[in-house]
Amino acid sequence: MKTTSYFSLKILALLLFIPFLNAQSLETNTETFLSEPAAGNQRYPVSIHANGSHLVVWQEGNDAWEGDSRIMGLIIKDDGTYSSSFVISNMDDVQERPVVTTDGINFLVLWQDFRNGTDYDIYGARVDASGHVLDPSGIAIGTGTGNQCIPSVAFDDNNFIAIWMDNSLVPQSYHIRGTRIAKNGDVFDKPGVYIAGPNDAAAIENIITTGNMLYVSALTMPTIACQNQSCLIGFLAKDNPSLSVKDDPQFIRLNTNTDISVLGSPILLADSAAYSPTATIWPAKATDGIISIESRNDGTFLSAYTGANSKASRNYFVVALPMDNSSELSPPTVGIRKSAFGGHLENIATVVKDDSILFYWSDYNGVMLYPTLYSIRGAILHKDNSVSTFSVFDSVEYYRGFPSGSIGSSTGLLVYEKDSGSGRIQLAGILYDRNSLPLAVIPDDPPIFDFSMSNGGDVSVAQGNSVSNSITLSLLSGSTEPVTFSVEGLPTHISAEFSSASCSPTCSNTITLRSTDSSVTGTYPLTVTATSDAISYSTEFSLIISSADEETLLPPGDLRITYLDGIPTD
């Protein structure tokens, strides 16, 4: 009996060791294809570290409209050794868009799964540090009518917390659901706890009663970070009235101590202007998507998202921090990177490294051509909120995109998609010393000039009089440049004059509005625009014109002089 147990243990040990019998080793700071070429593309890699190993997960095969795809994995040890990739899920039809987290011992991989042949569900599987898949058939996590898709997952120091987009209530409108998953794979909250949905009731009613797809409200692209049974979820509040686009990043907190409890209402981080997909000039700060949330070591959260500037295809990063999980979210913002005119910044990934945050993203500067040669750039957000940027690759040879990173006790890993030269996308990566950065030998561009703009609020004036408003410009990045001013929306018999034709942010200007006796009473929205050689921003306020023989109403605390029959009053 003892002999049988002994040989059983030897066989078990051998089976666990098989993946590393023919182990290869990554050379530090050397770009390497991490897997063999596949029949289809190797897309959407994600990486995480635990228990002495980096787990890399990706989607391999064709996209949903082309055929089957599966979820693959690769274990890379801290010393750089790795062996062949392994299958995490290869069920019927499509498994795609993987995400991964860890409890510090094992990994949990989630993906959207089309095995039922009708719609997407959320499935998952646990993987141990040796690359053994503990749930080869997958764990059904989010299933039901309609689509459950685009998952995100985190560990709250007790359970795994999974969230996803769900359209089971209204087919054309997605909301966010979530569930707790135990370390042993048990799912607690089927079919998922309702977390948040579109707040435009009229739009939802329009969809239900008329099926009008021209007006769609939805919460999309959810992402989550957790610590100490408290989680922060970010998502886009998507509004699509009459084919214009408005994606506002919003956040909501969860308590996951005994169940999933939503704390308060969604909090708006940035209110974007709607823009038309056919427009060549986009209004300022129309957001492109929340990309990442991280749990910081100091008990706060950090979020990063991209957005569109006022010129077509000019995107930039904004990072909001810190967001305390026990108080209102009112973070300052720090600009990380802004592309040159016509460029794109996409697919941002964040990694916590001690008291700093490491960023990677796909970067393309130039006219949009296909195939687009994206490079990979990076930045470090230091504890004092200062930023250092660097470049990993330029874009003169191959497409490199969709980066992800992980930091271990001795090594860091950067993984990404790379054009293999054969027309297929293949998984590539770089292993580097934990205390250095991957390559980072290409000089980075200097910060690009950017500024924000605000005004002093709505103003009131009686016929035949004048009123002023302050316009404030604040430098966000780069070296200051002069900007000029203009105003739109002036009603007849109202003139406007700026105290200065131009200024260089950080600076202020004053606009004086003069009314005549013939001015028509009412409320008029005005737009003041500040323009440099490359960018422009606008700020709006209302001008309220009242009759000369009645008292002008002002907001409480407003100390401007008002007039009655042309005579100043108290």
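Up top is the structure.
Reading guide: rules and limits
Residues numbered from 1 in each chain as written. Predicted model: local features only at pLDDT ≥ 70, side-chain atom pairs only at ≥ 80, totals over all residues. Heavy atoms only, no water. Phe/Tyr/Trp six-rings, centres within 6.5 Å; stacked < 30°, edge-to-face > 60°. Helix = DSSP H or I, 4+ residues; strand = E, 2+ residues; numbered from the N terminus. Buried < 20%, exposed > 50% of the residue type's maximum accessible area, 1.4 Å probe, protein only. Lys NZ or Arg CZ within 6 Å of the ring centre and 35° of its normal. Disulfide = S-S within 2.5 Å.

Caption draft 1: Highlighting the packing of aromatic side chains. For the structure shown, the criterion picks out seven aromatic pairs. With 4.9 Å between their ring centres and 85° between their planes, phenylalanine 451 and tyrosine 537 make a pair best called edge-to-face. On the criterion of sequence distance, the pair formed by phenylalanine 451 in strand 31 (residues 450-455) and tyrosine 537 in strand 39 (residues 536-546) is long-range, its members being 86 residues apart. Overall, the relative accessible area of 4% leaves tyrosine 537 in the buried class. Grouped by ring-pair contacts, the aromatic residues Phe449, Phe451 and Tyr537 constitute a single cluster. Directly above the ring of tyrosine 44 sits arginine 43, whose terminal nitrogen or CZ lies 4.8 Å from the centroid. The aromatic ring of tyrosine 123 is capped on one face by arginine 115, whose charged end is 3.7 Å from the ring centroid.

Caption draft 2: Inspection of unusual backbone geometry at higher detail. Residues lysine 190 and proline 191 are joined by a peptide bond in cis, for which omega reads 0°. Structurally, proline 191 is set in the loop between strand 14 (173-181) and strand 15 (193-196). Backbone torsion omega between proline 505 and threonine 506 reads 5°, so that peptide bond is classified as cis. Mapped onto the fold, threonine 506 is located in the loop between strand 36 (502-503) and strand 37 (507-515). Residue asparagine 29 is not a glycine yet carries a positive backbone phi of 60°. Positionally, asparagine 29 belongs in the loop between strand 1 (24-25) and strand 2 (32-33). One non-glycine residue, aspartate 93, lies in positive phi territory at about 65°.

Caption draft 3: Geometry of the state of the cysteines. Overall, the coordinates contain two disulfides when judged by the stated rule. A sulfur-sulfur distance of 2.0 Å marks the disulfide that ties cysteine 226 to cysteine 231. Judged by the sign of its S-S torsion, about 105°, the bond between cysteine 226 and cysteine 231 is right-handed. The buried category is assigned to cysteine 231, whose relative accessible area is 0%. Here cysteine 503 pairs with cysteine 507 through a disulfide, and the sulfurs are 2.1 Å apart. The sign of the S-S torsion, about 50°, decides the handedness of the disulfide formed by cysteine 503 and cysteine 507: right-handed. One exposure class covers both cysteine 503 and cysteine 507, and it is buried. Across the protein chain, the way the bonded cysteines pair up, counted in sequence order, is 1-2, 3-4.

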